[in-house]
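These are the residues of each chain, in order.
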Amino acid sequence: MFSRLTRPQAIAVCALPVVALIATAVLAPLPFSVAQPGLTANVLGENKGTQVITISGAPVRDTEGQLRMTTIEATSPDTRVSLPDVIDSWFRTDQAVMPRDSVYPSGDNVKEIERHNEKQMKESQDAATQAALGYLDLDDKDIEVSLKLADVGGPSAGLLFSLGIVDKLDGDGTGGDLTGGRVIAGTGTIDAAGRVGAVGGVSLKTQAAKRDGATVFLVPKAECADARAELPKGLRLIPVTTLKSTVSSLVALETGKGSVPSC
């Protein structure tokens, strides 16, 4: 036996699946990570009590100024990111929503990701050393370079490692510092031939750089638009494509001779 529903009752019954669907969409985990500006570290100095760059087999310069590598901090791969989290981050300049696969391309297992990031960091350090010594025309059989940066993984510090090695061994080539005494930050991968590659989270890294005192930010040329998106006031962008052109830009910035590219 069936009874006839009143119109309000019928609407309420029909609305229940819709409400349930909306609630599921709001609460369901989404394939995103929420990122924010992370730590920066001066590769010319110490990080957590350990010298970042140690060189033996060649005279090392005393340097002034800073070369700060930059990072982002993202929610862990097992963190549930829901629609409200995405909406909240969408309207904030100090956070960004990124596809989880772009932050953690190696899977969802935390240990597996840590191993992957450590491997990428080691490969980046090796390439950075080869690029720097190759640029200086020095034999890596005679010179030993040790790079240590605790709690940081991935390849995006490669360019800054190379610049740090060049600054410690040769400076600007005429006795001065590559930094010109400035706090210079940046990001970018590097290969053994000295080519600079793009990275992720550039707009967040510029904020980290400004927070930690940088006035200049080195950005892979392909990511100029991203870097300009939320650029902090007073932070100058210099686009880079190779280690050689980056050194030339820094020397021009220091001496006032020659052109310094801009985004």
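Up top is the structure.
All of the points below concern the structure found in this document. On a predicted model such as this, the values are computed, not experimentally measured, just so you know.

Some remarks on the state of the cysteines
Move 1: The final tally for this structure, using the stated rule, is one disulfide.
Move 2: Between the sulfur atoms of Cys224 and its disulfide partner Cys263 the distance amounts to 2.0 Å. Since a negative S-S torsion denotes a left-handed disulfide, the Cys224-Cys263 link at about -60° is left-handed. Separated by 39 residues along the polypeptide, Cys224 in helix H7 (residues 224-229) and Cys263 in the segment after helix H8 (243-255) bring together distant segments of the chain.
Move 3: The exposure class of Cys224 is buried, given its relative accessible area of 9%.

What to know about the environment of Lys122
Move 1: For Lys122, the location among the structural elements is in helix H4 (residues 110-135).
Move 2: In this structure, the C-alpha to C-alpha distance between Lys122 and Gly154, residues 32 residues apart in sequence, is 8.4 Å.

Thoughts on the pattern of salt bridges
Move 1: Inspection of every chain in the model, using the stated rule, returns six salt bridges.
Move 2: Between Asp177 and Arg61 there is a salt bridge, and its shortest N-O distance comes to 3.0 Å. One end of the pair, Asp177, is in the loop between helix H5 (158-169) and strand S8 (183-186); the other, Arg61, is in the loop between strand S4 (53-56) and strand S5 (66-74), and 116 residues separate them in sequence.
Move 3: Here Arg61 falls in the buried class, since its relative accessible area comes to 18%.
Move 4: Here Glu123 and Lys119 are joined by a salt bridge, their closest N and O atoms 2.6 Å apart.

Overview of the pairing of strand S6 (residues 96-99)
Move 1: The alternating pattern of S6 places Ala96 and Met98 on a buried face, while none of Val97 and Pro99, on the opposite face, is buried.
Move 2: Across four bridges, the pairing between strand S1 (residues 32-42) and S6 is antiparallel. Residue pairing across strands places Phe32 opposite Pro99, the latter belonging to S6.

A short note on unusual backbone geometry
Move 1: A positive phi angle is found at Lys48, which is not glycine, with a value near 55°.
Move 2: Tracing the chain through its elements places Lys48 in the loop between strand S2 (46-47) and strand S3 (50-51).
Move 3: For Asp137, which is not glycine, the phi dihedral falls at a positive 55°.
Move 4: Along the chain, Asp137 turns up in the loop between H4 and strand S7 (144-147).
Move 5: The class for Asp137 is exposed, based on a relative accessible area of 71%.

Focus: the side chain of Ser124
Move 1: Within the secondary structure layout, Ser124 lies in helix H4.
Move 2: Classification of Ser124 by relative accessible area gives buried; the value is 5%.
Move 3: Leaving out residues up to four positions away in the same chain, Ser124 has contacts with Gly154, Pro155, Ala157 and Gly158.

Comments concerning the nonpolar core
Move 1: With 41 residues, the main nonpolar core has Leu159, Phe161 and Leu163 as its most contacted residues.
Move 2: Elements with a minimum of two residues in this core: S4, S5, H4, S7, H5, strand S11 (216-220), strand S12 (236-240) and H8.
Move 3: Looking at this core, the element that brings in the most residues is H5, giving seven residues.
Move 4: Setting aside chain neighbours within four positions, we find Leu159 in contact with Thr187, Gly188, Thr189, Ile190, Val196, Leu218, Val240, Leu243 and Thr246.
Move 5: Judged by nonpolar contacts, the second largest core, of 12 residues, contains Val199, Ala209, Ala214 and Leu235.

A word on the packing of H4 against H5
Move 1: Two numbers describe how H4 lies on H5: the axes approach to 8 Å, and their chain directions differ by 40°. Between H4 and H5, the interaxial angle falls into the category oblique. Crossing hand, H4 versus H5: right-handed. Here H4 contributes Met121, Ser124, Gln125, Ala128, Thr129, Ala131, Ala132, Leu133 and Tyr135 to the contact with H5, which in turn contributes Gly158, Phe161, Ser162, Ile165, Val166 and Leu169.
Move 2: Grouping the amino acids of the contact of H4 with H5 by side-chain chemistry returns 10 nonpolar, five polar and no charged.

Description of the sheet that holds S1
Strand pairs in the sheet, formed through backbone hydrogen bonds, run parallel or antiparallel to each other.
Move 1: Taken together, six strands build an open sheet; the order of strands is S6-S1-S5-S8-S11-S12 and the sheet is mixed. Of all the strands in the sheet, just S6 and S12 have a single pairing partner and so form its edges. Ignoring which end each strand starts from, the neighbouring axes of this sheet average 35° apart.
Move 2: Across the sheet, H5 lies against S5, S8, S11 and S12, angled at about 165° from S5, the strand it touches most.
Move 3: Sheet strands touched by helix H6 (residues 202-211): S1, S5, S6, S8, S11 and S12. Its angle to S1, the strand with the most contacts, is close to 35°.

Cut-offs applied
Residues numbered from 1 in each chain as written. Predicted model: local features only at pLDDT ≥ 70, side-chain atom pairs only at ≥ 80, totals over all residues. Heavy atoms only, no water. Disulfide = S-S within 2.5 Å. Helix = DSSP H or I, 4+ residues; strand = E, 2+ residues; numbered from the N terminus. Buried < 20%, exposed > 50% of the residue type's maximum accessible area, 1.4 Å probe, protein only. Salt bridge = Lys/Arg side-chain N within 4 Å of Asp/Glu carboxyl O. Pairing = 2+ DSSP bridges. Contact = heavy atoms within 4.5 Å. Core = buried A, V, L, I, M, F, W, Y, C linked by side-chain atoms within 4.5 Å. Axes fitted to C-alpha atoms, helices over the stretch in contact; angles between N-to-C directions. Parallel < 35°, antiparallel > 145°, perpendicular 65-115°, else oblique. Left-handed = near helix turned anticlockwise from the far one by under 90°. Nonpolar A, V, L, I, M, F, W, Y, C, P; charged D, E, K, R; others polar.

That's the geometry; what it means functionally is another story.
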